[in-house]
Amino acid sequence: MTFNDNAKLDTSRVSKRGRNTGIAVGGGSAVVVIGLFLLSQFLGVDLTGLAGGAQQGTQSEEDLNCEYGSEANADIECLMVGAENSLYDYWTDEAPKLGAQFTQPNDFVLFTQSTSTGCGQASSATGPFYCPPDQSIYIDTSFFNELRTQFGASGGTLSEMYVVAHEYGHHIQNLLGVMDRTDRTDTGPTSDSVRTELQADCYAGAWVAAASTTVAENGVTFLESVTDAQVADALNAASVIGDDRIQEMGSGQVNPETWTHGSSEQREKWFQTGMRNGATGCDTFSISGSEL
């Protein structure tokens, strides 16, 4: 999607953590251990076994110089700021319709290589994620390059913002109590874990459909209307991070009983459901497994 050039951006809810000064750790089976530990606590893209080791060390806060939508169209970090701004405006109005009292994530963090979180130490190997204990979203923007080069995604700004919108959807689920009511250790194509992830995909689609109506603090709408080509990019991103696709890339074998995020087909379907029906049409929990 394209930002309106003169839409005012607000960086106050987004933080940037500088590059680690520590040394690399992990690799091989160690990455698997780190990934499994984190996956038991946070919600994000499961890249276990596909990415490199973590970095541990100290990080510093850095300034984000993003003032207008024109910068979001030119710079990935400002794009993340713009996406957060639009999502914040959308969910401020939409969350109460679902029965949630809206509060913003405690933090929306852009980081490089690795960072400390309420769910433990996280690295690029985990992909973007939401951590329920500290109610924060963490984005290593290098993941978007991996989407194209390692996963074969077509790219595009909406595919990148879809990932952010999915993680923001997890925050809405947390506000609604979904995290407390579901068994996120369960796996399989109809498990609570998959239903949780598909609902977040649906919430992302709902935001996309309404994104061009979200308004910046200076009264300018954040985004231009979405195009069919941009939607195709987002659907492609959802597809390439389906459990079946990632398993094929990793071991070459697909085992649905271990799925935690849903198949490529499921993820595309629920993104489109959100675009078509809005956030109130994203109930993935009361339907039968065959309807997923």
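Residues numbered from 1 in each chain as written. Predicted model: local features only at pLDDT ≥ 70, side-chain atom pairs only at ≥ 80, totals over all residues. Heavy atoms only, no water.

(A) Representation of the layout of surface pockets within the structure. Of the pockets and cavities examined, the second largest pocket occupies roughly 150 Å³. Contributing to the lining of the second largest pocket are L98, L176, V178, R181, Q199, Y203, A279, T280, C282, D283 and F285. If you list the elements that add at least two residues to the lining of the second largest pocket, you get α6 (178-181) and α7 (192-210). (1 Å grid on protein atoms, 1.4 Å probe; cavity = no way out; pocket = protein on both sides within 12 Å on 5 of 7 lines; lining within 4 Å. Points joined across faces, edges and corners; volume = space filled by probe spheres on them. Helix = DSSP H or I, 4+ residues; strand = E, 2+ residues; numbered from the N terminus.)

(B) Region of interest: the environment of I76. Here I76 shows up in helix α3 (residues 76-94). Separated by 65 residues in the primary sequence, I76 and T141 have C-alpha atoms spaced 7.3 Å apart. Among all residues touching I76, those that are not within four sequence positions of it are T141, F144 and E160. (Contact = heavy atoms within 4.5 Å.)

(C) Here's a closer look at the environment of E160. With respect to the element layout, E160 can be found in helix α5 (residues 157-176). Judged by its relative accessible area of 10%, E160 is buried. Sequence separation between E160 and I76 is 84 residues; the distance between their C-alpha atoms is 9.0 Å. With residues up to four places along the chain from it excluded, the contact list for E160 reads I76, L79, M80, F144 and R148. (Buried < 20%, exposed > 50% of the residue type's maximum accessible area, 1.4 Å probe, protein only.)

(D) Layout of the nonpolar core. Counting 66 residues, the largest nonpolar core has W91, Y162 and W207 as its most contacted members. Residue assignment for this core shows that the elements contributing at least two residues are α3, β6 (107-111), β10 (136-140), α4 (142-149), α5, α7, α8 (228-240) and α10 (264-277). Top element by residues in this core is α7. It accounts for nine residues. Ignoring any residue separated from it by four or fewer positions in sequence, one finds Y162 in contact with D201, A204, A234, A237, A238, I241, R267 and F271. In terms of nonpolar packing, the next biggest core, distinct from the first, is built from seven residues, C119, A122, C131 and Y138 among them. (Core = buried A, V, L, I, M, F, W, Y, C linked by side-chain atoms within 4.5 Å.)

(E) How the structure looks around unusual backbone geometry. Unlike most non-glycine residues, Q113 shows phi in positive territory, near 75 degrees. Within the secondary structure layout, Q113 lies in the loop between β6 and β7 (114-117). Q113 gets classed as partly exposed once you look at its relative accessible area, which sits at 23%. Look at Q135: it is not a glycine, yet its phi comes out positive at around 50 degrees. Within the secondary structure, Q135 is located in the loop between β9 (129-131) and β10. For Q135, a relative accessible area of 25% corresponds to the partly exposed category.

(F) Here's a closer look at the state of the cysteines. For the coordinates displayed, the defined rule picks out three disulfides. The partner cysteine of C119 in its disulfide is C131, sulfur to sulfur 2.2 Å. Here the disulfide of C119 and C131 is right-handed, its torsion about the S-S bond being about 105 degrees. A residue pair is termed long-range when its members are at least 10 positions apart, and C119 in the loop between β7 and β8 (120-123) and C131 in strand β9 qualify at 12 residues. Note on C131: relative accessible area 0%, which makes it buried. There is a disulfide in this structure between C202 and C282, and the S-S distance comes to 2.0 Å. Torsion about the S-S bond of the C202 and C282 cystine: about -80 degrees, corresponding to left-handed handedness. (Disulfide = S-S within 2.5 Å.)

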